[in-house]
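Commentary on secondary and tertiary structure
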Amino acid sequence: MANTIDASLYTALLVFTMSFIACLAEEKDIYLVLVEGDPVAFHDSTPSSNDRRGSDLDSDVSKAHAKKLVEFHDQILESTLEKGSYNKLYSFKHIVNGFAVHTTPSQAKKLVNAQQIKLVERDRRAKIMTTYTPQFLGLPQGVWTQEGGEKNAGEGIVIGFVDTGINPLHPSFSCDPENPFTSNISHFSGVCEPGPRFPETSCNGKIISARFFSAGAQAVATLNTSVDFLSPFDAVGHGSHVASTAAGNADVPVVVNGFFYGRASGMAPRARISVYKAVYPTVGTLADVIAAIDQATLDGVDILTLSVGPDEPPRDTITFLGIFDVFILFARRAGVFVVQAAGNQGPAPSTVVAYSPWAVAAASCSTDRSYPGSLLLGDGQIVGGVGLSGPTCGKGLFLSRLVMAKDALKINGTFPRTPQYIEECQSPEAFEPNLVEGSIVICTFSDGFYNQTSTITAIIDTARTLGFVGFILIASQNYGDFVAEPVPYSVSGILVPKVSSSQIILHYYEQQTERDERGFAIKFNAQAGIEEGRVASFEGRAPTVSRFSSRGPDFIDINKNPTDVLKPDVIAPGHQIWAAWSPVSALDPILTGNNFALLSGTSMATPHIAGIAALIKQYSPSWTPSMIASAISTTATEYDNFGELIMAEGFDISGLTTSSHFDLGSGLVSATRAIDPGLVLSSGFEDYISFLCSLPNVDRISIEARTGVRCSQSLGHPANLNLPSVTISALTRSLQLRRRFRNVGNRSETYLSSVLPPNGTTVSLSPPRFTIAPQEFQDLDIQFNVTEALEDFSFGGIVLTGSLNHIVRIPLSVKPVSMI
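Only a predicted model underlies this, so the values are computations on that prediction, with no experimental measurement involved.

A short note on the overall build of the chain
Per the secondary structure count, the chain includes 20 helices and 40 strands. Scaling as 2.2 N^0.38, a compact globule of 820 residues should have a C-alpha radius of gyration of about 28 Å, and the chain matches this with 29 Å. Along the longest, intermediate and shortest principal axes, the C-alpha atoms of the chain span 95 × 85 × 65 Å. Evaluated residue by residue, the chain yields a buried proportion of 60% over its 820 residues. Put simply, the chain shows about 31700 Å² of open surface, and 51% of that area lies on carbon and sulfur atoms. Both charge centroids of the chain, one from 58 positive and one from 78 negative side chains, sit 3 Å from each other.

Focus: the sheet that holds strand β40 (residues 807-818)
Reading across the sheet, the 5 strands line up as β33-β40-β39-β35-β37 and stay open at both edges, with mixed pairing between neighbours. Only two strands of the sheet have a single neighbouring strand rather than two, namely β33 (726-732) and β37 (769-772). Pairs of neighbouring strands in the sheet enclose a mean axial angle of 25°, with direction left out of account. As defined by bridge partners, strand β35 (residues 749-756) adjoins strand β39 (residues 794-802) across 6 bridges and the pair is classed as antiparallel. The residue bridging Val755 from the neighbouring strand is Ile798, located in β39.

Things to note about the confidence of the model for the chain
Per-residue confidence for the chain gives a mean pLDDT of 91, with 92% of residues at or over 70. Considering only residues more than four positions removed or in separate chains, one finds that residues 1-5, a stretch of pLDDT under 50, has 0 contacts.

Observations concerning the nonpolar core
Among the nonpolar cores identified, the biggest contains 72 residues, and Ile95, Val162, Ile293 and Phe320 are the most heavily contacted of them. Taken together, the elements giving at least two residues each to this core come down to β1 (29-35), β2 (87-92), β6 (158-163), α8 (286-299), β11 (303-306), α9 (323-333), β13 (337-341) and α19 (685-694). One finds Ile157, Phe173, Ala246 and Val744 within the second-largest nonpolar core, a separate group that totals 57 residues.

Re the side chain of Asn249
For Asn249, the position within the fold is in the loop between α7 (238-247) and β8 (252-256). With relative accessibility at 13%, the residue Asn249 sits in the buried group. When sequence neighbours within four positions are dropped, the list of residues in contact with Asn249 reads Pro171, Ser172, Phe173, Ser174, Lys206, Ala264, Ser265, Gly266 and Pro269.

Thoughts on the packing of α7 against helix α15 (residues 602-619)
The geometry of a pair of packed helices is captured by two quantities: the angle between their axes and the separation between those axes. Where α7 meets α15, the closest approach of the two axes is 7 Å, and the angle between their N-to-C directions is 35°. With respect to the hand of their crossing, α7 and α15 are arranged in right-handed fashion. When α7 is examined against α15, the residues His238, His241, Val242, Thr245 and Ala246 are found in contact with a partner set consisting of Ser603, Met604, Pro607, His608, Ala610 and Gly611. Class assignment of the residues belonging to the contact of α7 with α15 gives a composition of 5 nonpolar, 6 polar and no charged.

Quick notes on the rules
- Residues numbered from 1 in each chain as written.
- Predicted model: local features only at pLDDT ≥ 70, side-chain atom pairs only at ≥ 80, totals over all residues.
- Heavy atoms only, no water.
- Helix = DSSP H or I, 4+ residues; strand = E, 2+ residues; numbered from the N terminus.
- Rg over C-alpha atoms; globule rule 2.2 N^0.38 Å.
- Buried < 20%, exposed > 50% of the residue type's maximum accessible area, 1.4 Å probe, protein only.
- Areas by Shrake-Rupley, 256 points an atom, 1.4 Å probe, with all protein chains shown as cover.
- Lys, Arg positive; Asp, Glu negative; His and termini not counted.
- Charge placed at Lys NZ, Arg CZ, Asp CG, Glu CD.
- Pairing = 2+ DSSP bridges.
- Axes fitted to C-alpha atoms, helices over the stretch in contact; angles between N-to-C directions.
- pLDDT = per-residue confidence, 0-100.
- Contact = heavy atoms within 4.5 Å.
- Core = buried A, V, L, I, M, F, W, Y, C linked by side-chain atoms within 4.5 Å.
- Left-handed = near helix turned anticlockwise from the far one by under 90°.
- Nonpolar A, V, L, I, M, F, W, Y, C, P; charged D, E, K, R; others polar.

Following this line, the structure appears as structure tokens:
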């Protein structure tokens, strides 16, 4: 009997031990879970209800329901998962019912099969994706004048920023006691969460709320207390840059390294700022980001700016139904205008990371401002480049000795013989100090820069340590031309990104350099001077779509099968944008100590759209998010400052290509035209559900599981969603679609309809002409017929020209696949 008991105990212990070891072997991760039942915002409401935010959710009934949801989440976890195997990070209860949990894959599988669990999705992590742009977009002479000037532009609108936090001491976010805020923002209710470098006084009237979300970050990483501040303070700089671009104070002096670059203003300088820090220098998680979205919607923000998010599509569902996009859908249902960064993975096709029709995806373009630099050689030749640094002696006219890095190495040095040491100027110990001190040193773009292990910061450190007069980074024939972006240097320097220009420098250098029989340089006769590189030039073609800006077509799944939605929606300035920064600059050492930074990315384009949306909302406070999105899209322009179609940067660094709707969406945003668009198209929550239910080969049960709404009706074809664009991913034979317009003007207007059909199609419009009274609706039927099957999309457009000078543009993107 004793042996039997011992055997049983042994077996039980063995099973327990093996289970424990297996648990230890599994690496925990964050899982995002959706649960059956309505969240607080939509409890006891109809699917069409919206704008349930702020004070609406602060009632005793709402609080009781929120508490009930949290308790239910805890019950699910306690009854489904092993004790000690998990840690609940968040309960989502405001716009989506669910939670985030840190646990093992095997425990997460148990949740998948648990009752009342609708979805379990692994956290995909989150990443971060102006002095001149108000003038470039015509704001001082346009919208600002109509809304009382810059001192009133954006008044009464709250913009929420889910990002890396904010630098509360920056003048872009100060509150002017001589111009106090007087607008009623009773629809908003936020709090100021103090913490390291962020006292309660940081919320000063301009910044009206600031929160931080860190449970996800703390679960998956060991945070660095020197930079990962558990407060809304921005140690990165990205969040401050984004916030000031959208809503920074007007006329803030931009001074970097003692040089005055101009004055910065946000798009809506009187808008209020609500901060939701969710990304840290060490890590960013989707759990923290969607918790911030949930809270921002509860607080009552009018505009939500997402320059952060996942940079890859979900793997186990369609793009529109990933948890991130589901949260955005319900924020939109609650009345929030959401703008996302399109992504920075261009110029390759189908690289957008913003997929859904219920959010506006911002792509990036240039302005006509640039910062050219120039190098004066001893023989009088001038070579162009990119600088943003001060000149060498005598404004670059007093020439200094020119030395090639590989000709100034220590002969008996013990450093590794790698490009970083030999030619890329990354390490001071590689050089003979007497050869480089007082010289301009030629460094080469080689293997380290190509693999992103070498940095300009290291060149500057080397230059400071050894006393370079300046440095030149030239292109290598082995690697070709490189992309050079201006960054403020604390020493004189210039980037020469073209091989052809680099060859001029090298030819002159070799002519002037004496070498011994072994090829070692023994006399340096070449001279050069670096001229002023901080003075802006305003000329050339603009805008052009930025090379890095992610492209369409939009796609429905991980295999990148195209879908019937246009992405990106619109372009805005995102190339070389001056805006606020954090001196800590945790991820960009070259910018440490700076209060401003010149950055490029769709992260920079996004707040331009957010700020302009705030101006539209101020001008027309009753407009829904889809009406604002329509106004922005239908009034955008496809033409540049030369009056020609906007061009796009491509894989060829030295050239431009003709852009398509998949590069620029509807075109360049025009704030002045957007506040008075004439006609708008709108869609509501029920329309988005019908759109999802119209998608081919999509499981309707999945739609209900992720949205909580059953498919009761279909649009017939997903391209029938009432968007300010038409995209047909596979046109077979013929298709009739409809768009419904509303006159938001105060006078009746007659419109003439015209169309440029995409190649391979004919397109007819009915009616060809119509008169529409104020606030009335008009349907436009669009008949597509295939005339030729093509292997790719082709592009066209519909233009409605009004008798009161309104012009409404609808881009067409069609892939005609069969005439039969």
